[in-house]
Amino acid sequence: MAIDVLKYVNEYRRKKGLSPLVMNNVMNAEALKHSQNMASRRTSFGHNGFDGRSNRISSAISGISEVGENVSMGSTSAKEVVDHWLKSDVHRENIEGHYKITGIGIAADKRGILYFTQIFAMN
């Protein structure tokens with residue numbers, strides 16, 4: 001499903017004349033860990049710990065100058081979560097940002113509710 005999220009985000013970016021985002025394994029791991037932590041209630045839903053994720057990404061990938069993050073819960077498909085983000089000014093700004101690389105993580109809680117994290121970075 002993460003590949004599909006990237007596909008829909010990049011389709012939108014292409015329509016806006018923006019370059020496609022490229023998936024990054026370090027960022028995928030950070031996004032997945034955050035989604036898993038939200039799904040397991042180790043952290044509340046939201047951006048708790050974002051500074052730590054941003055710092056770890058900046059330490060692992062040279063030249064990072066900016067990091068952004070979108071989170072969501074409850075969507076049942078990649079298209080639904082991307083459509084949801086595009087309806088929000090703040091989330092859409094991240095999708096339309098001058099970012100080059102991304103990481104996407106999706107995790108389900110005990111009830112099967114999906115938690116999504118997409119991290120964006122510029123290098």
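Residues numbered from 1 in each chain as written. Predicted model: local features only at pLDDT ≥ 70, side-chain atom pairs only at ≥ 80, totals over all residues. Heavy atoms only, no water.

Chemist: Would you mind going over the overall build of the protein chain with me for this structure?
Modeler: Within the protein chain, the secondary structure is distributed over 5 helices and 4 strands. Listed N to C, the secondary structure of the protein chain is α-β-α-α-β-α-α-β-β in terms of helices and strands. For the protein chain, the C-alpha radius of gyration of 13 Å lies close to 14 Å, the compact-globule estimate for 123 residues. On the principal axes, the C-alpha backbone points of the protein chain span a range of 40 × 30 × 25 Å. Sorting the 123 residues of the protein chain into buried and exposed places 47% on the buried side. (Helix = DSSP H or I, 4+ residues; strand = E, 2+ residues; numbered from the N terminus. Rg over C-alpha atoms; globule rule 2.2 N^0.38 Å. Buried < 20%, exposed > 50% of the residue type's maximum accessible area, 1.4 Å probe, protein only.)

Chemist: Can you walk me through the pairing of strand β4 (residues 114–122) in this structure?
Modeler: Among the 9 residues of β4, 9 are classified as buried, and the element is accordingly described as predominantly covered. Of the two faces of β4, the one holding L114, F116, Q118, F120 and M122 and the one holding Y115, T117, I119 and A121 are both buried throughout. In this sheet, β4 lies alongside strand β2 (residues 66–73) in antiparallel orientation, the contact comprising 8 bridges. Bridge pairing links N70 to Q118 in β4. The sheet contact formed by strand β3 (residues 101–108) and β4 spans 8 bridges and is antiparallel. Counterpart to T102 in the pairing with β4 is F120. Count of turn residues in the β3/β4 antiparallel hairpin: 5 residues, of which G112 carries a positive phi of about 90 degrees. (Pairing = 2+ DSSP bridges.)

Chemist: How should the UniProt feature "domain: SCP" (unreviewed entry) in the protein chain be read in this particular structure?
Modeler: Sequence positions flagged by UniProt for "domain: SCP" (unreviewed entry) are, in local numbering, residues 6–120. In residues 6–120, helix accounts for 45% and strand for 22%; the two terminal C-alpha atoms are 11 Å from one another. (UniProt positions renumbered as here; feature names shortened; annotations may be inferred.)

Chemist: For this particular structure, what's the right way to read the nonpolar core?
Modeler: What tends to happen in soluble globular proteins is that the nonpolar side chains get buried as a cluster. Formed by 17 residues in total, the largest nonpolar core has its most connected members in V5, V9, L21, V81, V82, W85 and I95. Those elements that provide at least two residues to this core are α1 (2–15), α4 (78–86) and β4. Ranked by the residues each element gives to this core, the list is headed by α4, at 5 residues. Residue contacts for V5: discarding those within four places in its chain leaves A78, V81, V82, W85, I104, I106 and Q118. Core analysis: the next-biggest nonpolar cluster, separate from the first, contains 9 residues, M27, I57, I119 and A121 among them. (Core = buried A, V, L, I, M, F, W, Y, C linked by side-chain atoms within 4.5 Å. Contact = heavy atoms within 4.5 Å.)

Chemist: Would you mind showing me how to read the sheet that holds β3 here?
Modeler: What holds strands together in a sheet is hydrogen bonding between their backbones, with the strands either parallel or antiparallel. Strand order across the open sheet formed by 4 strands is β1-β3-β4-β2, with mixed pairing between neighbours. In the strand order of this sheet, the two ends are held by β1 (22–23) and β2, each with one partner. Across the sheet, α1 is in contact with β1, β3 and β4; its angle to β3 comes to roughly 135 degrees. Contacts between helix α2 (residues 25–39) and the sheet are confined to β1, β2, β3 and β4, with β3 contributing the most and set at about 30 degrees to the helix. (Axes fitted to C-alpha atoms, helices over the stretch in contact; angles between N-to-C directions.)

Chemist: So what exactly am I meant to see when it comes to α1 here?
Modeler: For an α-helix, the turn length of 3.6 residues means that residues three or four places apart are oriented alike. Counted at 1.5 Å a residue, the expected span for α1 with its 14 residues is 20 Å, and the 20 Å between its end C-alpha atoms agrees. Among all positions of α1, only V5, L6, V9, N10, Y12 and R13 are buried. Across the axial projection of α1, the buried residues extend over an arc of 155 degrees, all falling on one side. What points out from α1, more than 90 degrees from its buried face, is the exposed set I3, R14 and K15. Following α1 by one or two positions, G17 has its phi on the positive side, about 75 degrees. (Expected span 1.5 Å × (residues − 1). Arc of directions from axis to C-beta.)

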